[in-house]
Structures are given as C-alpha cells and as structure tokens.
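Fold and geometry: a report
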Amino acid sequence: MTTTKTIQSALISVFDKTGLEPIVKQLHQQNVTLYSTGGTEEFIKNLGIPVVPVEEVTSYPSILGGRVKTLHPKVFGGILNRQDNPKDVEEMKAFEIPQLDLVIVDLYPFEKTVASGASETDIIEKIDIGGISLIRAAAKNFKDTVIVASVNEYTYLLELITTQNGATTSEQRRLLATKAFHVSSHYDTAIFNYFNTDETIFKTSISEGQVLRYGENPHQKGFFFGEFDSMFTKLHGKELSYNNLLDVDAAVNLILEFKTNEPTFAILKHNNACGLATRKTMREAYLAALAGDPTSAFGGVLIANGKIDAATAIEINQLFCEVVIAPSFDEKAIAILSEKKNRIILVQHQVELPTQQIRTCLNGLLIQDKNTITDTKEGLKNVTTCAPTSQEIDDLLFASKICKNTKSNTIVFAKNGQLLGSGTGQTSRVDALRQAIEKATAFGFDLKGAVMASDAFFPFPDCVEIAHHAGITAVIQPGGSIKDTLSIDYCNENKIAMVFTGIRHFKH
C-alpha cells in the first residue's frame, strides 16, 4: 500500500555542495525547516535561507576536531522514530526530539583519498562515521524518512519535491533507501579492502553497471559492471554486446603485448587472434594481419597499437567488422569508418587494468593473478645445438605473445612479424598443430623458415616432427616435460633451433 508523506523538516550535511543550491531553495520555498552543521550550515546561510544548527538541537557543540557532530539521540531519534508507533510518538514529545523527514548526507571521499597516495593519517580521517550512520538510520526507516546519500540522486529528489509539492510515496522512499544502502555497502567494502591483507577473504563492489541487449545468446540476460567510459571514448556505432565486450577485452590484453612495437594490428574472433602483424605503417600491418585469415576476420574485432589513418581506414572499410579500436584516429579515418552505421569505433585510453581475474566456478568463484609475464630475449634458454637467428628470435617472441593470449591448447606459427596460422582451443597439442598447418596452407603461406610457439611443453617429439616436415626451423616452448630430451634430440638431428622459456601460458 502506498503511503504518501510530506517533507516538513530536513537535515542536510554534505562534504560536496555541488548541485545542492536548487534543492535548498525549493525546500525553503515549501517552508521546510532546515537543520545543518559546519560547512553546509554556512553554505545555506550564505544563500540567505534560515537554518537551525544541529548544536541547538543537541545542546552539544561539534567536538574532537569535527569527528563528533551528529551522533546524538536527538538527531537519530528524529530519523528513526516510527510515526505510527504511539510509544515512539510519546517519547519524541517527552524528550523534545524534532522530527526529521528528509536526510541529505554524503560521505568523505575515502576512495579518492586512497587513490591520491595520501598518508595513512589522512586516509583514516576520511573514514566517515556520522555520515554512514545517518545514511543507515534514514534508509532503515524509509517508511517515514527520505534519504538522499549521493549527489547522483539530487536531480531525482528535486523533481520529486517540485512536482509533488514536497510529498513522497513509500515506493519512492524505498527506492532512495536502496540506493543509499548501495552507497554505504560500497563505502564499507572500499574501507575493508584498504585494511585487508588476508587473501582468502574476497569482497568487491562496483558502483557502475549497465544492462546489455542480452548475454552470450539472445535467451540469456547480460550485464556489464565497470567504468567503460573511463577506458574508451565511443565515437560511433551501436551498443556493445556481451560478446563484443569479451572480444574487446581479449583485444586489449593482446595488443598490450605489442604496446612499444612498431605499428601492429590485430584481428580477433571469439577471443582469439585470427590475424596479427607488425609492419612499418599501420596500413601495411592491417593488410598483413588480414591476410592471416580473411575468412575469420569477417565480423571480427580490430585493434591497433597506434593511430589509424585514412589510408588504413579505407582498407578496413572494405571489411565487415563489429568493432575498431585504437588509441587515436585521423578525422578522415573516423569519417570513413563511420560510413557503416553499426560499426563501433572506440578510442582506447590508458587506464590501470585489474591485476586479478575472477570467474564463477561451481557454487563459488575462482580468482587468480593475471598472467603478466611476457617472454623476453633475456629469458630464453637455448637447449639445442642449433641456435635461432636474430630474426627467428624476434619471430619466436612475437609468436609467444600471441600464444599467451590464445585459448589452450594452442600452437602458433609466425614469420617476419606476421601470424601465419594458429590452432586454438584443441583437446590435444597435436590437433592444435595440425589445425595451424591447415590454416596456414589454406591461405597460401609457405611455412619454410617459419617459427612455432606452444603454450605448454611437448610430452612427446611428435609435434616437433610434424612441424619440421611443415617447414618450421625454430621452436619456443616452456619446457618441463620429463621427456624433454626426446624433442631436443629430434631437433638436434634435424637442425631445428629450440628455446625454453620456463613459463607456461595456459589460457582456459
């Protein structure tokens, strides 16, 4: 049953005064009695609007350097009293407690203070006590009290009190209480995570989310929680889907491996690279990446490690693709790529990415550190009598970066800074190898002089033997099998160079 209540009194105590003025003026126009403290009280007075200091209600000044201002029975009684409870009404009169119908309060900027690198003393002082208590009290008593706990709700509140002449319904108060508990729980989670050092306890809270058109398939609901707009500026195109976001995530992680390389372009489909190349210009890099698998590129996600110019855009525009990502675009490139109305164009910004990966598993969660190790020249151990050439080393590291970001089991072929073929997500390494050979052959690549990367060790010499017959001359793999010598011996007998990294790159 809807219960309408009219606001006759309000407690306002906020750290951030942005957007507060029109609300205060509207409340004053509706003859609402205003109570306040400190800087907010001064703010209201400067508007020429009468305000009652909380100290006059409590008969206590703000003490302990402002740490205790509103923590008093006469404040919390005015918020928590049940107006339909005769005993509460009687006690309110007996103790001369003023009714508080509306509470507008925010919290000290704890997260911003931590992010700023402030001292622990400053961080501790930004743990709000009075504000969080007021929010919980008013939200608990939403049957009688209106709570506004964030500047994000100011527009909604102003609309309510203006169009409804200060009245609110129980449904509206419940909605604001829900939002208030969201604010308080997020705040407490941030504080806990600042103090917590026990890795077996996990708490997270993301304050921003959006509803997607659907999930992985049309019959599934889908949502994204995170600050997408801080990472990308969307210049054009339709809304991103669940599958788009997964591909964009895979693309971002992959291209990060080539951040400092010459112009590099990658094309992804279903989270795996189907084309990738490094060249002198971005146009050449795109064309070489496309040549790797022009069939799979249809409907793919494209990403570059540098600016996309008009020359590159002209080539891209001939391909149907879902998303194009780059750190920047020429104006002409934007105009060209925008010719397809649904094509999504994203400018990628440099932001700090999560250091952990989280996924559901059984009736809980699996959490792990992200695989941030990239194989380097210094980390290679030559295990064969034949050492790789300088060009082969470059290609081995190039292939290893792709391998690391491809679903296991995987084998990757590369030559001269170009992905020639890959086997992805196979149940055996031999199957992945054969798939890679089939792909490379289908698109006209000569594997003679190419290199091979594997995400895990070879338990038997069959993979190096098959690769050798296909033309592979150098191999990079983690090593670690009890039968490593079988593969090493085969390579030595057939003058194939092989290096171990000591790092496995499974990706499931």
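Described below are features of the structure shown in this document. (Residues numbered from 1 in each chain as written. Predicted model: local features only at pLDDT ≥ 70, side-chain atom pairs only at ≥ 80, totals over all residues. Heavy atoms only, no water.)

**Comments concerning the overall build of the chain**
Along its length, the chain carries 19 helices and 23 strands. For 508 residues, the compact-globule formula gives about 23 Å, and the C-alpha radius of gyration of the chain, at 31 Å, lies well above that figure. The dimensions of the chain, computed from C-alpha atoms along their principal axes, are 100 × 50 × 40 Å. Expressed as a percentage of the 508 residues in the chain, the buried residues total 48%. The contacts in the chain between residues at least 6 apart in sequence include a share of 55% that link residues at least 24 apart. Carbon and sulfur atoms make up 53% of the accessible area of the chain, which amounts to about 25600 Å² in all. Taking the average place of the 49 positive charges on the side chains of the chain and the average place of its 58 negative ones, the gap between the two points comes to 3 Å. (Helix = DSSP H or I, 4+ residues; strand = E, 2+ residues; numbered from the N terminus. Rg over C-alpha atoms; globule rule 2.2 N^0.38 Å. Buried < 20%, exposed > 50% of the residue type's maximum accessible area, 1.4 Å probe, protein only. Contact = heavy atoms within 4.5 Å. Areas by Shrake-Rupley, 256 points an atom, 1.4 Å probe, with all protein chains shown as cover. Lys, Arg positive; Asp, Glu negative; His and termini not counted. Charge placed at Lys NZ, Arg CZ, Asp CG, Glu CD.)

**Digging into a nonpolar patch on the surface**
Together, Phe202, Ile358, Leu365 and Ile367 make up a nonpolar patch on the protein surface, roughly 330 Å² of accessible area in all. As for its position among the elements, phenylalanine 202 is in the loop between helix H10 (170–195) and strand E8 (209–211). Residue phenylalanine 202 is classed as partly exposed on the basis of its relative accessible area of 33%. (Patch = residues over 30% accessible without salt bridge, like charges linked within 9 Å, V, L, I, M, F, W, Y side chains within 5 Å. Salt bridge = Lys/Arg side-chain N within 4 Å of Asp/Glu carboxyl O.)

**Topic: the side chain of threonine 168**
As for its placement among the helices and strands, threonine 168 is situated in strand E7 (residues 167–168). According to the relative accessible area criterion, threonine 168 is buried, its value standing at 1%. Residues in contact with threonine 168, not counting those within four places in the same chain, are Thr3, Thr4, Lys5, Ile7, Val146, Leu160 and Arg173.

**Brief notes about the environment of alanine 453**
Checked against the element boundaries, alanine 453 lands in strand E21 (residues 451–454). Under the relative-accessibility criterion, alanine 453 is labelled buried at 1%. Distance in space between the C-alpha atoms of alanine 453 and valine 412 is 5.1 Å, their sequence separation being 41 residues. Those residues in contact with alanine 453 that sit more than four places away from it in its chain are Ala399, Ser400, Cys403, Thr410, Ile411, Val412 and Ile476.

**Notes on the sheet that holds strand E11 (residues 264–269)**
Taking strand neighbours across the sheet as the criterion, the six strands line up as E10-E15-E14-E13-E11-E12 in an open arrangement whose pairing is mixed. Both outer strands of the open sheet, strand E10 (232–236) and strand E12 (272–278), are each paired with one neighbouring strand and no more. Each strand of the sheet is rotated relative to its neighbour by a mean of 20°, with strand direction disregarded. Pairing analysis gives four bridges linking E11 to strand E13 (residues 300–304), with the strands arranged antiparallel. Along E13, the bridge assignment pairs isoleucine 267 with leucine 302. Helix-sheet contacts for helix H13 (residues 282–292) involve E11, E12 and E13, and the interaxial angle to E11 is about 30°. (Pairing = 2+ DSSP bridges. Axes fitted to C-alpha atoms, helices over the stretch in contact; angles between N-to-C directions.)

**As for a negative patch on the surface**
A cluster of acidic residues, Glu111, Glu208, Glu227 and Asp229, forms a negative patch at the surface. For glutamate 208, the position within the fold is in the loop between H10 and E8.

**Observations regarding the packing of helix H17 (residues 429–442) against helix H18 (residues 462–470)**
Interaxial distance between H17 and H18 falls to 10 Å at its minimum, and their mutual angle equals 10°. Considering their axes alone, H17 and H18 lie roughly parallel with respect to each other. Contacts between H17 and H18 involve Arg429, Val430, Leu433, Arg434 and Ile437 on the former and, on the latter, Asp462, Cys463, Ile466, Ala467 and Ala470. Partitioning the contact of H17 with H18 into residue classes produces seven nonpolar, no polar and three charged. (Parallel < 35°, antiparallel > 145°, perpendicular 65-115°, else oblique. Nonpolar A, V, L, I, M, F, W, Y, C, P; charged D, E, K, R; others polar.)

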